[in-house]
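Summary of the model geometry
Listed below are the residues making up each chain.
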Amino acid sequence: MNIHVNDWDRRGLPAWTYHSQALLDLEIKEILLRQWQIVGHVSDVPKAGDYLSFDLGPERAFVLRQQDGSFRAFHNLCRHRGSRIVTGDQGHCKNALVCPFHGWVYNFDGTLRGAARPDSFADLDRHKFGLKPVELEVWMGFIFIRFREGPQGSVSEQLAPYAAEIGAHLPETLVPAGKPWVGELPVNWKSVRDVDNEGYHVAMAHPALQDLYGNTYEDIDYGPHMRVSKGTYREGAGRLWSVRHYVKQSTGHSNLPRERRRLWAYYGVFPNAVFITTPEAIQFYQELPVDVNRSIVRGMIYRYPKESRQQRLARYLSYRIDRATYAEDTQLAIWSNESMKSSAFDNFHLSDHERFLRAHHDDLRKLLPVLTLDTPPAPERMAEVNAALGAGKTGT
Ligand code: FES
Ligand SMILES: [Fe+2]
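Not measured: the values here are computed from a predicted model.

This next bit is on the overall build of the chain. A tally of regular secondary structure across the chain gives ten helices and 18 strands. Against the globule reference of 21 Å for 396 residues, the chain gives a C-alpha radius of gyration of 23 Å, in line with a compact fold. Taken along the three principal axes of its C-alpha coordinates, the chain extends 75 × 65 × 35 Å. Restricting the contact set of the chain to residue pairs at least 6 apart, pairs at least 24 apart contribute 65%. Surface accessibility of the chain: about 18100 Å² in total, with carbon and sulfur atoms responsible for 52%.

Written as structure tokens, this is what we have:
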């Protein structure tokens, strides 16, 4: 959709917000830990005792499949001396969770079964030392957690505008298509999202995507924080090898309504994730800050449990196109992020086609008013200044 707006502010967040450790600490605490984060899919943890771990900033958690098939999430932190309880990204525990440090044993529901050498704790009250729970919700087969209570309601309320469209792909029935992909980028987490949040660069920077859906690309508002981009490919598309063969092989799954059989759609999950639906699969990916200049980007792809040879081939080709796109975006994020350290950088000057980028920055500013400042407060005053601005005081 092309909306020409004459009087909007074409600038984005100021450069300092991409290179301040004190700000990142606040972003993690006040935004990322208070929003729902996608950990994986129920099919990643099919059996009781299967777990997925998830680290974000200073916090670390894991999701555990229970004996009755349900899920619980806990801080991945032993109540004795803080060791990780489960190790690695994914795994399985038999019957109980055993801390690898001194061997305290926890039940699947998080209660402490017992300490090693309990006689060495004169008065240990087991009921006081269970694993600390983390809020969890399963939405359409995807497992979300939230470390701190936040401004959003439940996942199902937040993502309700997407439910019918993503639901058409039968997400509960999907299974992992291989291992997660993980990359580490030398950029602030916001730079990853900035590149991702606009389609203005597609024609220039993504030859395969441009070849695939070209000018059918559109950005559509689905409500506050809810931004969707869509492109539909044409029968004859395919100057490039991978696109030509993809278009030939991709027939879509028979359950899909006609209008989704040639559609690639990107559903933003505020503030740091996206679901992509293609006729062959659903993927999510997210960026997670490691430090102020480093982020992990992590994605997982899920496929239909029964797919024909042709569908498998189409999925593989769509993966190739998507991976090429990711590599191109990575370079753009690096250049954008490093430019903000240069004396020549004034700010962005955004096109109407980059309005989603601007809207995302507005959303962040609402949650963290300190982002409205053109110059950074002293690092030790970051939280205080932010609170004062939030309370309507202007003095900084
Ligand atoms: S830290 Fe877990 S048993 Fe000691
Ligand atoms: Fe891109």
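The structure having been displayed, the exposition proceeds.
What follows concerns the pattern of salt bridges. Applying the stated criterion across every chain yields a total of 21 salt bridges. One salt bridge in this structure joins Glu-135 and Arg-146, with 3.0 Å as the shortest N-O distance. With Glu-135 in strand β9 (residues 133–139) and Arg-146 in strand β10 (residues 142–146), this residue pair connects regions lying eleven residues apart in the sequence. The buried category is assigned to Arg-146, whose relative accessible area is 5%. Across the pair Asp-363 and Arg-227 runs a salt bridge whose closest N-O atoms are separated by 2.6 Å. One end of the pair, Asp-363, is in helix α9 (residues 355–367); the other, Arg-227, is in strand β14 (residues 226–232), and 136 residues separate them in sequence. Comparing Asp-363 with Arg-227, the two get one shared label, buried. The structure contains a network of salt bridges with shared partners spanning Asp-9, Arg-11, Arg-358, Asp-362 and Arg-365.

This part is about the coordination of the iron ion (ligand 2). Bound to the iron ion (ligand 2) on the protein side are His-201 (NE2), His-206 (NE2), Asp-329 (OD) and Asp-329 (OD), at distances that span 2.1 to 2.5 Å. Bound by four donor atoms, the iron ion (ligand 2) shows angles of 55 to 150 degrees at the metal and therefore irregular coordination geometry. Written as a sequence motif, the donor arrangement for the iron ion (ligand 2) is H-x4-H-x122-D.

The sheet built from seven strands is open, its strands ordered β1-β10-β9-β4-β3-β2-β5 with antiparallel pairing. At either margin of the open sheet sits one strand with a lone partner, and together these are β1 (37–41) and β5 (90–92). Geometrically, the sheet is characterised by an average inter-axis angle of 30 degrees between neighbouring strands, direction not taken into account. Sheet topology note: the β1/β10 ladder contains four bridges and is antiparallel. In the sheet register, Gly-40 faces β10, and the bridge partner there is Ile-143.

Moving on to the nonpolar core. One recurring pattern in soluble globular proteins: nonpolar side chains tend to sit buried together. With 43 residues, the main nonpolar core has Ile-145, Phe-147 and Val-370 as its most contacted residues. Broken down by secondary-structure element, the contributors of at least two residues to this core are α1 (21–30), β2 (50–56), β3 (59–65), β4 (71–75), β10, α9 and α10 (382–390). Per-element accounting of this core gives the leading share, five residues, to α1. Non-local contacts of Ile-145, meaning those with residues more than four positions away in its chain, are made with Gln-35, Trp-36, Gln-37, Val-39, Phe-54, Ala-61, Val-63, Ala-73, Val-134, Glu-135 and Leu-136. Counting 28 residues, the second largest nonpolar core, distinct from the first, contains Trp-139, Leu-159, Ile-220 and Ile-282.

Cut-off values and rules
Residues numbered from 1 in each chain as written. Chains lettered and ligands numbered in written order. Predicted model: local features only at pLDDT ≥ 70, side-chain atom pairs only at ≥ 80, totals over all residues. Heavy atoms only, no water. Helix = DSSP H or I, 4+ residues; strand = E, 2+ residues; numbered from the N terminus. Rg over C-alpha atoms; globule rule 2.2 N^0.38 Å. Contact = heavy atoms within 4.5 Å. Areas by Shrake-Rupley, 256 points an atom, 1.4 Å probe, with all protein chains shown as cover. Salt bridge = Lys/Arg side-chain N within 4 Å of Asp/Glu carboxyl O. Buried < 20%, exposed > 50% of the residue type's maximum accessible area, 1.4 Å probe, protein only. Donors = N, O, S within 2.8 Å, 3.2 Å for Na, K, Ca; no water. Tetrahedral: all angles 85-135°; square planar, octahedral: opposite > 155°, others 65-115°. Pairing = 2+ DSSP bridges. Axes fitted to C-alpha atoms, helices over the stretch in contact; angles between N-to-C directions. Core = buried A, V, L, I, M, F, W, Y, C linked by side-chain atoms within 4.5 Å.

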